[in-house]
Amino acid sequence: MTHDEVVKKHKDYLFPCVSLYYTKPLVADRGSMQYVWDVEGNRYLDFFGGILTISVGHCNAKVTSKIKAQVDRLQHTSTVYPNEHIVALAEKLAEITPGRLRKSFFCNSGTEADETAVMLARMATGNFDVVALRHGYSGHSLLAKSLTAHSSYRRAGIVSVGISHAVSPYCYRCPLHLTYPGCGVACAEDVEETIRTTTSGSIAAFLAETIQGVGGVIVPPKEYFKIVFTIVKKYGGLFIADEVQAGFGRTGKHWFGIEHWEVEPDMITGAKGMANGTPVGLCIATPEVADSFKGLTISTFGGNPVTSVAAKATIEVIEEERLLENVDRVGAYFRKGLEGLQQKYPIIGEVRGLGLMQGLELVKDRNTKEPAPEATNQFLGLCRDNGLLVGKGGLFANVIRLSPPLNIQESDVDVAIEIMDKSFASVRV
Ligand code: PMP
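Residues numbered from 1 in each chain as written. Predicted model: local features only at pLDDT ≥ 70, side-chain atom pairs only at ≥ 80, totals over all residues. Heavy atoms only, no water.

## Let's talk about the pattern of salt bridges
This model, assessed by the stated rule, comprises 23 salt bridges. A salt bridge links Glu321 to Lys62; the nearest nitrogen and oxygen atoms lie 2.5 Å apart. Taken together, the residues span a long stretch of sequence, with Glu321 in the loop between helix 10 (305-320) and helix 11 (323-344) and Lys62 in helix 3 (residues 61-73) at a distance of 259 residues. Three or more residues joined by partner-sharing salt bridges are found here, namely Arg173, Glu350, Arg352 and Glu361. (Salt bridge = Lys/Arg side-chain N within 4 Å of Asp/Glu carboxyl O. Helix = DSSP H or I, 4+ residues; strand = E, 2+ residues; numbered from the N terminus.)

As structure tokens, this is what we get:
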């Protein structure tokens, strides 16, 4: 099919709510490691990675070879029969996740993972109320949309009974109009205020992304989660770290984002980068929390042999190629390059992120911080024209999101920074 045929059929046969990037959509054809090609033969350096999912490169042979072998051996049996691959993956996850996390439930997406975690927290604690964060994103189901606090994703008849939202630790646009560190991290205290005023006074859980991705790569201050953890425990809740974006090495040094804040969560949810593009969802819990699940549950495809092989192979590549260190090193190099661009272009209000999860918040004026969504779109298109794929996010659609594969090198960063430089120079606002 040609580019135009694909775009026309997409418009004719798919839900329009699934929006596409670019005025002329990019019809993807194939990928190899850090590159993607469109059907017209153009090659792109991919610095969005299928929304933080391509963690070890497109079609990485170390992963695909194992997937192919498994597809030919046994593709599916459902979870009523155990198999070697699901237990091997679960054992590996118990090894790499922090603290006492040990027992896994596998499903197919981040949405299901967050649903499972909330359901389990309600059973484990006997409490119902859940506190999430404004600017957060949790997925596309009714519950996940209720947890999400981003209006454009909530126009779906959402009735959020039992879910409250505390303010986001969004320092650049502090909701409390304070400045760090003089603020004393007052946003963390808002979790207590939220519990006292909008819940029954006892909570099932606090659920938050360690770095708010869709919200625009919002990185909480270093004290934030420790303070919140103490509050959550005081009110009987479990601490759920949503690592759908920040997990599996994305932030460098550690496997999971929450480890940077030195908090041991009661549950972690994962998806995206965990299996390098094979659909997967994970809720991992401490044994006592996992064992408190009442009755039965099942996910037909959850942890099927192919998915389990893909996830374990991805984790092994991250381990064998020492990618946690690579992300730390190359991420720091990338960050320097981005800060260099910020010096040059006043439109870049803030550079933020950890490891290879970075964001640029674009503003019309650094003093007023008025968001610049049109310029963000223009920049996205210019980067594409120059051979680089980047993402966007933020409540005001003015944050450029950057999340290349974890195994890129400094030379890839040099190319990306050069293209971004050229693209920023052409943005007309
Ligand atoms: N949690 C977070 C933090 C996410 O970013 C996403 C997806 N963007 C989800 C949950 C939902 O994941 P999925 O799209 O796989 O259902």
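Structure's up, so let's keep going.
## Quick notes on the site of the ligand
Lining the immediate surroundings of the ligand are 13 residues, of which Gly110, Thr111, Asp242, Gln245 and Lys272 lie closest. Measuring from an oxygen atom of the ligand, one finds a backbone N or O atom of Gly110 at 2.9 Å. The contact in question runs from a nitrogen atom of the ligand to an N or O atom on the side chain of Lys272, over 3.2 Å. Ranked by the residues each element gives to the shell around the ligand, the list is headed by helix 5 (residues 110-125), at three residues. (Near = heavy atom within 4 Å. Polar contact = N/O pair within 3.5 Å; in protein donor to acceptor, adjacent residues only side chain to side chain.)

## Things to note about the packing of aromatic side chains
For any pair of aromatic rings, the description rests on two quantities: the centre-to-centre distance and the angle between the ring planes. Applying the stated criterion across every chain yields a total of 13 aromatic pairs. For the ring pair Tyr137 and Tyr153, a centre distance of 4.9 Å and an interplane angle of 70 degrees mean the geometry is edge-to-face. Of this pair, Tyr137 sits in the loop between strand 5 (129-133) and helix 6 (142-147) while Tyr153 sits in the loop between helix 6 and strand 6 (163-166), placing them 16 residues apart in sequence. Tyr137 sits in the partly exposed class, given a relative accessible area of 23%. Among the residues examined, Tyr153 registers a relative accessible area of 32% and is labelled partly exposed. When the ring centre of Trp37 is taken as reference, the NZ or CZ atom of Arg30 above it lies at 4.0 Å. (Phe/Tyr/Trp six-rings, centres within 6.5 Å; stacked < 30°, edge-to-face > 60°. Buried < 20%, exposed > 50% of the residue type's maximum accessible area, 1.4 Å probe, protein only. Lys NZ or Arg CZ within 6 Å of the ring centre and 35° of its normal.)

## Thoughts on the pairing of strand 5
For strand 5, a buried count of five out of five residues is recorded, marking the element as mostly surrounded by other parts of the structure. Where burial is concerned, the two faces of strand 5 agree: the one with Asp129, Val131 and Leu133 and the one with Val130 and Ala132 are both buried. For strand 5 and strand 7 (residues 203-209), the ladder comprises three bridges, and the chain directions are parallel. Counted as the bridge partner of Asp129 is Ile203 from strand 7. One ladder, built from four bridges, connects strand 5 with strand 6; its direction is parallel. Bridging across to strand 6, Val131 finds its partner in Ser164. Taken together, strand 5, helix 6 and strand 6 form a β-α-β motif whose crossover is right-handed. (Pairing = 2+ DSSP bridges. Right-handed = clockwise from strand over helix to strand, strands pointing away.)

## A few points about the domain arrangement of the chain
What the domain assignment lists for the chain is domain 1 (3-56 + 322-426) and domain 2 (63-320). Computed from C-alpha coordinates alone, the two centres of domain 1 and domain 2 are separated by 24 Å. The interface is formed by 35 residues belonging to domain 1 together with 36 residues belonging to domain 2. Both sides together, the interface formed by domain 1 and domain 2 hides about 3,000 Å², and carbon and sulfur atoms give 59% of it. A per-residue breakdown of the area domain 1 buries against domain 2 is headed by Leu324, Leu354 and Met357, which together make up 23% of the total. Summed over the shared surface of domain 1 and domain 2, the result is one salt bridge. A salt bridge links Arg173 to Glu361; the nearest nitrogen and oxygen atoms lie 2.7 Å apart. Joining domain 1 to domain 2, the criterion identifies 20 residue pairs in polar contact (both at pLDDT 80 or more). For the side of domain 1 that touches domain 2, the elements supplying multiple residues, two or more each, are helix 2 (49-52), helix 11, strand 11 (348-354), strand 12 (357-362) and strand 15 (399-402). Tallying contributions element by element places strand 11 first for the side of domain 1 that touches domain 2, with five residues. Here the side of domain 1 that touches domain 2 is built from residues that sort into 17 nonpolar, eleven polar and seven charged. (Domains from an automatic or database assignment. Contact = heavy atoms within 4.5 Å. Buried area = accessible area lost by both parts, 1.4 Å probe. Nonpolar A, V, L, I, M, F, W, Y, C, P; charged D, E, K, R; others polar.)

## Considerations on the layout of surface pockets
In this model, the second largest pocket occupies a volume close to 510 Å³. Lining the second largest pocket are 30 residues, and of these Thr79, Ile86, Ser104, Phe105 and Phe106 sit closest to its centre. Ranked by residues supplied to the lining of the second largest pocket, first place goes to strand 4 (residues 103-107) with four residues. Among the residues forming the lining of the second largest pocket, the class breakdown is 16 nonpolar, 13 polar and one charged. (1 Å grid on protein atoms, 1.4 Å probe; cavity = no way out; pocket = protein on both sides within 12 Å on 5 of 7 lines; lining within 4 Å. Points joined across faces, edges and corners; volume = space filled by probe spheres on them.)

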